[in-house]
Amino acid sequence: MKALCWHGKEDVRVERVPDPRIAEPGDIIVKVTSTAICGSDLHLYDGYIPTMRQGDILGHEFMGEVVETGREVKTLKVGDRVIVPFTIACGGCFFCNRQLWSLCDNSNPNAGLAETIYGKSPSGLFGYSFLMGGFAGGQAEYVRVPFADVGPLKIPHVRDGGPEDEKVLFLTDIFPTGWMAAENCAIQDGDVVAVWGCGPVGQFAIRSAQLQGAAKVVAIDRVPERLRLAAEAGAETIDFDRDDVRARLEELTGGRGPDSCIDAVGIEAHGTGSVDAVLDRAKAAVGLATDRGHVLRQAIMACRKGGTISIPGVYGGVLDKVPFGAAFNKGLSFRMGQTHMMRYMRPLLERIEKGEIDPSFLITHRLGLEDGPEAYRTFRDKQDGCIKVVMRP
Ligand code: NAD
Ligand code: ZN
């Protein structure tokens, strides 16, 4: 089959690789009909995750049709149409029983390595390096899906009145991720929620905060098309290249600060090697303010006393210069982590079916799998108004 494979920083290639096979009795093989590129894939593309290996198949946002089932699979059969969550979970451990699906104890075969870095292992993830289990990803024609009775959500085919792929594809990750980011803010009547990052996750966080009752959402980015999309949803916007983010947030909240702050950016705004980090170091050397690229620092300083910092943005390693004293003395709460997908997929599908939201608003680019290298470049560089790329193998 054809698959999109990682070969190093900024080097992804379409290659012929062996078809996946059933390895465990609970596995299925899915023929992929649609697959998207995520901001999380950009951490791999930009070389931030050191446990990728040459030839690893990328991708964790995908859906398709079941073409083979292992002998113990009970709920799915060949021909079924499924939406596959990016986290893999066994469905039976301490964590799965508490709906903490992304912390599953039994789905990461490389737990030992993960524990040396994180203390305890997170769940397995598709297409996200050896550290997260080494599972081949879904930017491919076919993919093996373990624990198939637990994660995948079965939906009717389009010919039987089911929704088009584009309406439901983002239930594989970014819609539940934006939703959980907002839910982690425990939004009360009258709340103001600030969202750093208007990429795909930020866009869903903005809309989810509104659906969960936020009185005002403030969206922060610098990419005009992304700020425009946030404004169209009814958010106030701040261009962090032009405005002083904290001062604007104070203005918009009568000096108190937002009730909750969502970091939908992640490591890129802090990591070594990014343009922002280099610029910030240069500015620090000559004594200029360096807060521009540091989302978490801004969020902690801007948040109102007693507020919540919700972090869907992905962090991999160690983060320095976080003003923990401010967080402590302001009595802030922190909520974060990979999304507990299976809590949200079905209820959010119902919201889509009821017409409360149509997630396809995000898609700006539709390409084939063979256009993968161009698709990654376009999405990373935000060329040509790119907000979300969907590929059809
Ligand atoms: P993206 O890269 O498309 O969007 C990030 C946005 O942040 C960009 O528009 C960028 O311009 C903006 N940004 C950069 N620096 C900023 C700053 N200093 N202030 C404000 N905005 C800034 O990515 P995405 O697909 O939207 O994903 C966002 C984050 O969510 C990533 O870190 C991704 O890995 C993470 N993610 C987490 C989960 C989870 O389970 N927790 C799931 C999916 C994605
Ligand atoms: Zn994703």
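Thresholds applied
- Here the residue numbers are simple positions, counted from 1 along each chain's written sequence.
- Throughout, the order in which chains and ligands are written sets their labels, letters from A for the former and numbers from 1 for the latter.
- This being a predicted model, a pLDDT of at least 70 is required before a residue's local features are given, and a value of 80 or more before pairs of side-chain atoms are given or counted; all residues contribute to the totals for chains, interfaces and linings.
- Note that domain bounds follow an automatic or database assignment of domains.
- Two residues form a contact once the distance between their C-beta atoms, set from the backbone, is within 7 Å.
- Gly falls in the polar group here, along with every residue not listed as nonpolar (Ala, Val, Leu, Ile, Met, Phe, Trp, Tyr, Cys, Pro) or charged (Asp, Glu, Lys, Arg).
- Helix axes are fitted only over the stretch in contact, all axes being lines through C-alpha atoms; the angle between N-to-C directions runs from 0 to 180 degrees.
- The way it works is that DSSP assigns letters per residue, a run of H or I at least four long becomes a helix, a run of E at least two long becomes a strand, and they are numbered from the N terminus.
- Here is the rule for angles: anything less than 35 degrees is roughly parallel, anything more than 145 is roughly antiparallel, 65 through 115 is roughly perpendicular, and the remaining ranges are oblique.
- In this analysis, residues qualify as near a molecule or strand once their C-beta atom, positioned from backbone atoms, comes within 6 Å of it.
- Three exposure classes are used. Buried residues have 20 or more other C-beta atoms within 10 Å of their own C-beta, exposed residues have 12 or fewer, and partly exposed residues fall in between, all C-beta atoms being placed from the backbone.
- Strand pairing requires that DSSP identify at least two bridges connecting the strands.

**Structural notes on the domain arrangement of the protein**
Next up, step 1: If you check the domain split of the protein, you get domain 1 (2-173 + 339-392) and domain 2 (181-336).
Next up, step 2: Computed from C-alpha atoms alone, the centre-to-centre distance between domain 1 and domain 2 is 27 Å.
Next up, step 3: Contacts between domain 1 and domain 2 engage twelve residues on the former and 14 residues on the latter.
Next up, step 4: A per-class count over the side of domain 1 that touches domain 2 returns five nonpolar, four polar and three charged.

**Focus: the packing of helix 5 (residues 174-183) against helix 12 (residues 341-353)**
Next up, step 1: Orientation of helix 5 relative to helix 12, taken along the N-to-C sense of each, is 105°, at an axis distance of 9 Å. The angle between the axes of helix 5 and helix 12 places the two elements in the roughly perpendicular class. For the pair helix 5 and helix 12, the contacting residues are Phe175, Pro176, Trp179 and Met180 in the first and Met341, Tyr344, Met345 and Leu348 in the second.
Next up, step 2: Considered class by class, the residues forming the contact of helix 5 with helix 12 number eight nonpolar, no polar and no charged.

**What about the site of ligand 1?**
Next up, step 1: In the region of ligand 1, 33 residues are neighbours, and Gly39, Gly197, Gly199, Gly266 and Val314 sit closest.
Next up, step 2: Looking at the shell around ligand 1, the elements with two or more residues in it are helix 1 (39-45), helix 5, helix 6 (200-211) and strand 11 (216-221).
Next up, step 3: Broken down by element, the shell around ligand 1 gets its largest block of residues, four residues, from helix 1.

**Looking at the pairing of strand 3 (residues 28-36)**
The side chains of a regular strand alternate between the sheet's two faces.
Next up, step 1: Across the nine residues that make up strand 3, a large majority, seven, are buried.
Next up, step 2: Where strand 3 lies against strand 4 (residues 61-69), eight bridges are found, and the strand directions are antiparallel. The residue bridging Ile28 from the neighbouring strand is Thr69, located in strand 4.
Next up, step 3: By the bridge criterion, four bridges tie strand 3 to strand 8 (residues 142-145) in an arrangement that is antiparallel. Each residue of the ladder has a partner; that of Ile29, found in strand 8, is Arg144.
Next up, step 4: Strand direction decides the pairing type here: strand 3 and strand 17 (residues 389-392), joined by two bridges, are antiparallel. Along strand 17, the bridge assignment pairs Thr35 with Met391.

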